[in-house]
Protein chains: 2
Amino acid sequence: MEKRTHNCGELRKKDVGKEVVLNGWVDRIRDLGGIKFVLLRDRYGYTQVVFNPEDKELYEKALSLSPEYVISIRGKVMERPQDAVNPKMPTGEIEVHAVSLSILSESQTPPIYVNIDDESSEELRLKYRYLDLRRPKMQRNLILRHKVVQAIRRFLNNLDFLEIETPVLTKSTPEGARDFLVPSRLKPGKFYALPQSPQLFKQLLMVAGLDRYYQIVKCYRDEDFRADRQPEFTQVDLEMSFVDEEDVFEVVEGMLKAALEEATGIELPDKFDRMTYDEAIDQYGSDRPDRRYGMELHDITDIFKSTGFRVISSSIETGGVVRAFKIQGLASRFTRKLIDQYTELAKSQGLGGLIWIKIENELKSSILKFCGEEVQSVAERLGAMNGDIIFVAVGERELVSKALGKVREKVIAEELPVAEGIDILWITEFPMFSFNEEEKRIEAEHHPFTMPDLNDLSRYKDTNPLKIKSRAYDLVINGYEIGSGSVRIHRQDIQNEIFKLIGLSDEEANKKFGFLLEAFKYGPPPHAGIALGLDRLVAILAGANSIRDVIAFPKTASGSDPMTGAPSEVSQQQLKELKLMLMDGRGE
Amino acid sequence: MEKRTHNCGELRKKDVGKEVVLNGWVDRIRDLGGIKFVLLRDRYGYTQVVFNPEDKELYEKALSLSPEYVISIRGKVMERPQDAVNPKMPTGEIEVHAVSLSILSESQTPPIYVNIDDESSEELRLKYRYLDLRRPKMQRNLILRHKVVQAIRRFLNNLDFLEIETPVLTKSTPEGARDFLVPSRLKPGKFYALPQSPQLFKQLLMVAGLDRYYQIVKCYRDEDFRADRQPEFTQVDLEMSFVDEEDVFEVVEGMLKAALEEATGIELPDKFDRMTYDEAIDQYGSDRPDRRYGMELHDITDIFKSTGFRVISSSIETGGVVRAFKIQGLASRFTRKLIDQYTELAKSQGLGGLIWIKIENELKSSILKFCGEEVQSVAERLGAMNGDIIFVAVGERELVSKALGKVREKVIAEELPVAEGIDILWITEFPMFSFNEEEKRIEAEHHPFTMPDLNDLSRYKDTNPLKIKSRAYDLVINGYEIGSGSVRIHRQDIQNEIFKLIGLSDEEANKKFGFLLEAFKYGPPPHAGIALGLDRLVAILAGANSIRDVIAFPKTASGSDPMTGAPSEVSQQQLKELKLMLMDGRGE
């Protein structure tokens, strides 16, 4: 093999006259007037290589080439004739006239396209992932991911953060999602668990005085895969001592600003917007609003204060509200059939129904005949123009807001073109607890190590713990919860109060988190942190539809890998060593 | 909490007069003439804080402090009196006179020492790892590791390497060590395996045209832990396309040179020494020689060519050799009892015995009375001086060399002080195959994707495959195999030859490595790579005895974590979901 002097993306007009060696893949072959033009491809780009029939032996050899052959060529860089210059190709002003060729390896016809956007089934793309990854778009995604990761590291290193690895073979904790388990052979009957996050370890690193920790780390959740989740996913995980939320915000803002500018050229504001949880629910009906689409919720209860329409007035009398949002220009899209679909969604969210108001040359509404005047006022209040549609809902304030939020999200997902740009904001002051309807008990909304608002704690703990706010925060980008974190509890008295409120006995608490509680007896510092979902962040930046497009070797929705065949059966011997039996009788 | 204006390691004489806030741990408390001196500690260093009895309220509060309390103090930076300056402390010229104090959290008496080298049992240190990690020595180790890792990344990034994550939930391959298994819940009866290395994936990334890959990645081996191994360990893994071994050497040499200079100040040569496998066995009896200790093996067969001592002459007549090495100055240490131990070792390695020659004012030897003249010649040939001892062995050349190699290693480990400095070298031209005595078959010495020497392959494949050399290489530092890699096979015909030689049928090969073989049908580029053991590398640089001292949360020798209690029992529900039963009947 002759080693390359240049890669396939770097030759320019200034190189004309040089003798070069290029290595790469045959991307495509054209025959023009008896001359063979081979487009040679590698990670760095494309270069056109010319085989002239005058060199008969070489030309014969070139005739044997097929797409995806790996070759090494030596040749002379020549300026392309004026009419052959390709301004879209960085190397488009030159071509290399081959003087020798060696075939490094051959290729069968690939089962998926490499040099055009392949619309093959994802199953096939994953089975031949090594071919799928040859596509420039996929390579750009992985390169973007690499750049984002390196920029994040550089930024954190400069702020005295230490990258520290935490264990992958760790202890199963029956909190949160389902653990992946790893049977222990040396201790039969016992299991390790793969970490859902390094949460406890990073808090212990703070107790250890390491001050500032980060890790770009795989985490694992054995969920029923849906909604573009992966059983293994990557987090940018960090934790800091002697800080509060403002310090975490400052670090993350600087970090993402640096990473985005460096990797994508996108400029972010120095400070991200902030919205409390209550504000977000009020304005968008969601704690992860995508504000690029506008469509804020408006309170229009006052308009209906003295309505004669009983459905609404009776709700208002019992403390209900009327809220609405406007969708510009989609009145005609919302046929009766489509509105019915949205009404079903609204009902599934606990609403009695969904009221609509359209302006299609004239005012139309599902309640026009009951309260025409109020409908007119709503249209005016929301500044509706011809072609707009408004959805209105009635009932308990939070229920109405959240239900309209779902309606709004469906509109964004299904009726509107994808918005441009980046909308990034912090959501703060989350509720400390939520009520688990199934189990009829209070549970921690974030996790039980989150610091509550201490004023709220003393005010509401005995009367209405659900009113207690926490010092948890989320980072939301384009409607996705990209990050989640909190100031942590570092005082045992507060931790005990929280465990009591979620009904965790001392014994249970000790069984689950004993080593963390033990650690907190020996001078834990105040600390706070956050974890960001790297896969989704990169997918947003890459404009990818799925996180699978920014992961080199992802799993399918059922958690399998069509390429390697994982998961797969294992031998009797392996099961026997682990002292395990399968329930269908194998392994006995 | 008042936030720190400075950390505990940064105040200097130039800061005298400033009012500062420090946060940290109470390292120790001294009382001198009624004044309280508190040494405050954080990751960055120590600062002395002074509490004067004149401020009564503050002083009273200071009286309640104990070691490992976390406090925040505000105070004024003052120059220390001349006689109180501590030149060993970076902050030793100043002290901070406290004006306020707040206790952020309290501490019980720690069960292990934090501020001195703790000689507690390792079990206890691991149970309270968060306290163990407070010790400055442990923090230095983790900081060193961080620096090494960042320097490696920076170097590789600059050379166009892409950091790409490979899967952790992957397929079990019955090659190499034992896999850790992860039962699949969605596909009951099937298992993922944790990767022993990303070998196949990194080769697939080369097939995918990603050109240069690296990853600092956890790998997993379910071995019987001994000899300072960990079930999860970290590799610096890299792979390159269109290269040969020289390119890999150049990258690794540059990378380690950069990392060591940046993280430790140690300068490495631009090019590392190289030794073939045969040379290393010949000179040191080992393929991972630590040359800092000298003690090369010498061939002294010629001296015994016409000896009358039958034990030796009969061996020489049947093709045997006589080899020896000298240990300076340890003649008197090697008592009869100690020599007996070494003789046992030699016998366990297949030697008939171990001959010794000492100079203790006079020439002494176990064979002096059989061949005194030859003994004299050996002493002269090896330049033995008064006080030296020589070990001599007789037999088949490779057996003798390797057995003396073991003897030499035991001498290094048990009789000599630890050598200074770094000895780094490449071992090349490893045998392609070795003979598995138990299973009476030929197996791949490195792995079956290693490119053989093609001349050797055609010359010996039918007659003596064990003579075939491979294009595998190891990087050896201070007697440890730190890195291992090879040029890979990228041609199917060669791959098939190798599978045939190790007795792998097409069917078996397909079952084990089918997806790699399939990938190689579509234009794989020539490629080569290496993986380096990061834990051991950092341990060597840190001067640590065990890799456990450079891992934040390591496991014990039995694979457990005394802190979290992993591995642990899991619930019936978890087992049921996985359709698993334990062989002792649990889970039924």
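Under the annotation held in an unreviewed UniProt entry, chain A carries the name Aspartate--tRNA ligase and is attributed to Kosmotoga pacifica. Its UniProt record gives chain A the following Subunit (unreviewed entry) comment, quoted word for word: "Homodimer." Listed in UniProt under the heading Function (unreviewed entry), the comment for chain A reads: "Catalyzes the attachment of L-aspartate to tRNA(Asp) in a two-step reaction: L-aspartate is first activated by ATP to form Asp-AMP and then transferred to the acceptor end of tRNA(Asp)."

S.K.: Can you lay out the overall build of chain A for me, pointing to particular residues and giving the numbers?
M.R.: For chain A, the count of helices and strands is 16 helices and 23 strands. Considering only C-alpha atoms, chain A reaches an extent of 95 × 75 × 55 Å along its principal axes. Among the 588 residues that make up chain A, the fraction classed as buried is 59%. Taking the intrachain contacts of chain A between residues at least 6 apart in sequence as the baseline, contacts between residues at least 24 apart amount to 67%. In the form shown here, chain A has an accessible surface area of approximately 24400 Å², with 47% of it arising from carbon and sulfur atoms.

S.K.: Can you explain the domain arrangement of chain A? Please cite residues and give values.
M.R.: Note on interface size: it is often stated as the accessible area lost on association of the parts. Parsing chain A into structural domains produces domain 1 (13-105), domain 2 (121-274 + 525-581) and domain 3 (291-418). Here the C-alpha centroids of domain 2 of chain A and domain 3 of chain A sit 40 Å apart.

S.K.: Can you lay out the interface of chain B and chain A for me, pointing to particular residues and giving the numbers?
M.R.: If you look at the interface, chain B gives 123 residues, while chain A gives 123 residues. There are 18 salt bridges connecting chain B and chain A. Two residues, K3 of chain A and D247 of chain B, come together in a salt bridge whose shortest N-O distance is 2.6 Å. Where chain B touches chain A, the interface holds 72 residue pairs in polar contact (both at pLDDT 80 or more). A total of nine residues in the side of chain B that touches chain A trace back to one element, the largest contributor, which is helix α4 (residues 136-158) of chain B. The residue makeup of the side of chain B that touches chain A, split by class, is 60 nonpolar, 27 polar and 36 charged. Pairing of strand β23 (residues 580-582) of chain A with strand β23 (residues 580-582) of chain B involves three bridges; the strand directions are antiparallel. By the bridge assignment, M581 of chain A is partnered in β23 of chain B with M581 of chain B.

S.K.: Lay out the nonpolar core with the relevant residues and their values.
M.R.: Y130 of chain A together with V148 and L256 of chain B are the most contacted members of the largest nonpolar core, which has 90 residues in total. The element best represented in this core is helix α6 (residues 245-264) of chain B, accounting for nine residues. In contact with Y130 of chain A, not counting residues within four places along its chain, are M563 of chain A together with L204, V207, A208, F515, E518, A519 and Y522 of chain B. Listed in part, the 89 residues of the second largest apolar core include Y213, L238, Y460 and L534 of chain A.

S.K.: Quick rundown of the UniProt feature "binding site: ATP" (unreviewed entry) in chain A? Include the residues and the values.
M.R.: All names here are of chain A. Listed under "binding site: ATP" (unreviewed entry) in the UniProt record, and renumbered for this structure, are R221, D222, E223, Q230, E481, G533, L534, D535 and R536. Tracing the backbone through its elements, the reader meets E481 in strand β21 (residues 480-487). Among the residues examined, E481 registers a relative accessible area of 44% and is labelled partly exposed. Ignoring anything within four residues of it in the chain, the contact list for E481 reads R288, D474 and L475. Residue position: L534 is located in helix α15 (residues 534-542).

S.K.: For the packing of aromatic side chains, give the residues involved together with the corresponding values.
M.R.: The description of two aromatic rings rests on the distance between their centres and on the angle between their planes. In total, this model carries 34 aromatic pairs over all chains according to the counting rule given. A ring pair is formed by F334 of chain A and F391 of chain A, whose centres lie 5.3 Å apart and whose planes are at 80 degrees; its orientation type is edge-to-face. Of the two residues, F334 of chain A is situated in the loop between β13 (321-327) and α9 (336-348) and F391 of chain A in strand β16 (residues 389-395); the sequence distance between them amounts to 57 residues. You'll find F334 of chain A and F391 of chain A in the same group, each marked buried. Consider the rings of W426 of chain B and Y473 of chain B, whose centres lie 6.1 Å apart with planes at 90 degrees: the pair is edge-to-face. Pair noted here: W426 of chain B is in strand β17 (residues 424-428) and Y473 of chain B is in strand β20 (residues 472-477), with a separation of 47 residues, a long-range link. Three or more aromatic residues link up through ring pairs in this structure, and these residues are F249, F272, W426 and Y473 of chain A. Above the ring of W356 of chain B, the side-chain terminus of K358 of chain B is found at 5.5 Å from the ring centroid.

Conventions adopted
Residues numbered from 1 in each chain as written. Chains lettered and ligands numbered in written order. Predicted model: local features only at pLDDT ≥ 70, side-chain atom pairs only at ≥ 80, totals over all residues. Heavy atoms only, no water. UniProt positions renumbered as here; feature names shortened; annotations may be inferred. Helix = DSSP H or I, 4+ residues; strand = E, 2+ residues; numbered from the N terminus. Buried < 20%, exposed > 50% of the residue type's maximum accessible area, 1.4 Å probe, protein only. Contact = heavy atoms within 4.5 Å. Areas by Shrake-Rupley, 256 points an atom, 1.4 Å probe, with all protein chains shown as cover. Domains from an automatic or database assignment. Salt bridge = Lys/Arg side-chain N within 4 Å of Asp/Glu carboxyl O. Polar contact = N/O pair within 3.5 Å; in protein donor to acceptor, adjacent residues only side chain to side chain. Nonpolar A, V, L, I, M, F, W, Y, C, P; charged D, E, K, R; others polar. Pairing = 2+ DSSP bridges. Core = buried A, V, L, I, M, F, W, Y, C linked by side-chain atoms within 4.5 Å. Phe/Tyr/Trp six-rings, centres within 6.5 Å; stacked < 30°, edge-to-face > 60°. Lys NZ or Arg CZ within 6 Å of the ring centre and 35° of its normal.

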